[in-house]
Amino acid sequence: MQHGHTEHDLAAMRAALTLAARGPVANPNPRVGAVVVDRSGQTAGAGFHAGAGTPHAEVVALDEAGDAALGGTAYVTLEPCSHTGRTGPCSEALVAAGVTRVVFAQTDPDPRAGGGADRLRAAGVEVVAGLLEGDAESLNRSWTFAVTHGRPMVTWKIATTLDGRSAAADGTSRWITGETAQADVHDLRAACDAILVGTGTALADDPSLTARHPDGSLRAATPLRVVMGRRDLPPSAQVLDGSSPSVQLRTHDPSVALAALWDKDIRHVLLEGGPTLAAAFVRAGLLDEVVAYVAPALLGSGPSSVGDLGITTTPTPYASISRTSPPSGPTSASARPCAPLSAPPPRRPPPPTPPPPPPPSPPTGPTNPPPTLPPAARSSPHEPA
Ligand code: ZN
């Protein structure tokens, strides 16, 4: 659909995308940028959406442009909405401002908001759709997934040893990943809307589940802390300390939990364990992405990172084993970014055209794999981080 655009259009859309990126990452609303140019091609207004409860990007840009929008072109990273929200439909605002051409990137996947392009065309506005659409989609990756699927996107954070252990036999686990990985986890948490653990993890580890800076202080954007399961937590539990919002979902059903979180405007959930809960999400086919931190260590015993999945033979997607590079540090390795988890549910026949295996994840460290021994064979015993 990328026809009818000029180099000037591309430059203006890139400017709108840059603006959009200034919006909040963790938010029920997408990040959107808008640039309005006047009839001579000069930028007259620009804006971005600063999150739920604030004006849409088009409204901000039109306000700045004022009368200069008359006969001009609006560049928006998302199809202008046609629904009546807090600020009224942006498609109507664009028409009212006298904009005669609208170029947008991503078509709105939200059925409540879509239809803006048709509304604009019906009003006689020239519409160009799909310019740099991929860039706009990746800017709102989890939001796009959530709106398309009608449920929050689920990212599973997993920290394991090379032999897939999440803890030692005595249950201690805090040292499995090092400082670099832990800092990365806090970035990951801050980019999600909710952090989810089971009551087993909450009772055993008493995690705080907050997004913090390296100095230990809380970040400005703190995700909702969610504990899933029926067992009661003690009042002294860290997730109940009031430092950021928390909720307990008294269910064992991942679908029920995700529906409840969707109703709380959660669009991206970070699943942090434990093994039983992770297995429940895998079994339900509700794991969309894995971020794995693999410690170059062997434990030989201790709990597995994921509970029983009922798999008794190697599923087709796992048949080819990809080789990854050694970790970047002595105690931790980040395997981000990860490919979507595309394994079919266990105990079912494979689909007619099984999805391809996940591509090898680019590591953050050296690119040449060692010729013989894995790093764990050379690593020294780990110290608590
Ligand atoms: Zn709007």
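Residues numbered from 1 in each chain as written. Predicted model: local features only at pLDDT ≥ 70, side-chain atom pairs only at ≥ 80, totals over all residues. Heavy atoms only, no water.

Caption draft 1: Up close: the confidence of the model for the chain. Chain-level pLDDT for the chain is 83 on average; 79% of the residues reach the 70-or-more range. When the criterion is pLDDT under 50, residues 324-385 qualifies, and its contacts beyond four places in sequence or with other chains add up to 105 contacts. (pLDDT = per-residue confidence, 0-100. Contact = heavy atoms within 4.5 Å.)

Caption draft 2: Molecular detail of the coordination of the zinc ion. Protein-derived ligands of the zinc ion are His56 (ND1), Cys81 (SG) and Cys90 (SG), with the metal-ligand distances lying across 1.9 to 2.3 Å. In primary-sequence terms, the residues that donate to the zinc ion follow H-x24-C-x8-C. Of the two residues, histidine 56 is situated in the loop between strand 2 (43-48) and helix 2 (57-65) and cysteine 81 in the loop between strand 3 (73-78) and helix 3 (90-96); the sequence distance between them amounts to 25 residues. Relative accessible area serves as the criterion here: at 5%, cysteine 81 is assigned to the buried category. (Donors = N, O, S within 2.8 Å, 3.2 Å for Na, K, Ca; no water. Helix = DSSP H or I, 4+ residues; strand = E, 2+ residues; numbered from the N terminus. Buried < 20%, exposed > 50% of the residue type's maximum accessible area, 1.4 Å probe, protein only.)

Caption draft 3: Here's a closer look at the pairing of strand 8 (residues 224-228). With five of five residues buried, strand 8 lies mostly within the body of the structure. Here strand 7 (residues 194-198) pairs with strand 8 via five bridges, running parallel. In the sheet register, isoleucine 195 faces strand 8, and the bridge partner there is arginine 225. The parallel pair strand 7 and strand 8, bridged by helix 8 (residues 199-205), forms a crossover whose chirality is right-handed. (Pairing = 2+ DSSP bridges. Right-handed = clockwise from strand over helix to strand, strands pointing away.)

Caption draft 4: Broad picture of the packing of aromatic side chains. Summed over all chains, the structure comprises zero aromatic pairs. Above the face of the tryptophan 262 ring, arginine 267 is positioned so that its terminal group lies 3.7 Å from the ring centre. (Phe/Tyr/Trp six-rings, centres within 6.5 Å; stacked < 30°, edge-to-face > 60°. Lys NZ or Arg CZ within 6 Å of the ring centre and 35° of its normal.)

Caption draft 5: Region of interest: unusual backbone geometry. With omega at 5°, the peptide bond leading from glycine 273 into glycine 274 counts as cis. Relative to the helices and strands, glycine 274 resides in the loop between strand 10 (268-271) and helix 10 (275-283). Despite not being glycine, leucine 209 has its phi angle at roughly 55°, a positive value. Residue leucine 209 is classed as buried on the basis of its relative accessible area of 2%.

Caption draft 6: Region of the structure containing the sheet that holds strand 3. Taken together, five strands build an open sheet; the order of strands is 2-1-3-4-5 and the sheet is mixed. With one partner strand each, in any of the chains shown, strand 2 and strand 5 (126-129) form the two edges of the open sheet. Averaged over all pairs of adjacent strands, the angle between their axes in this sheet comes to 15°, without regard to strand direction. The sheet contact formed by strand 3 and strand 4 (residues 101-106) spans five bridges and is parallel. Residue pairing in the sheet places leucine 78 in a bridge with glutamine 106 of strand 4. Each of strand 1 (33-37), strand 2 and strand 3 touches helix 2; the most contacted strand, strand 2, lies at about 150° to it. (Axes fitted to C-alpha atoms, helices over the stretch in contact; angles between N-to-C directions.)

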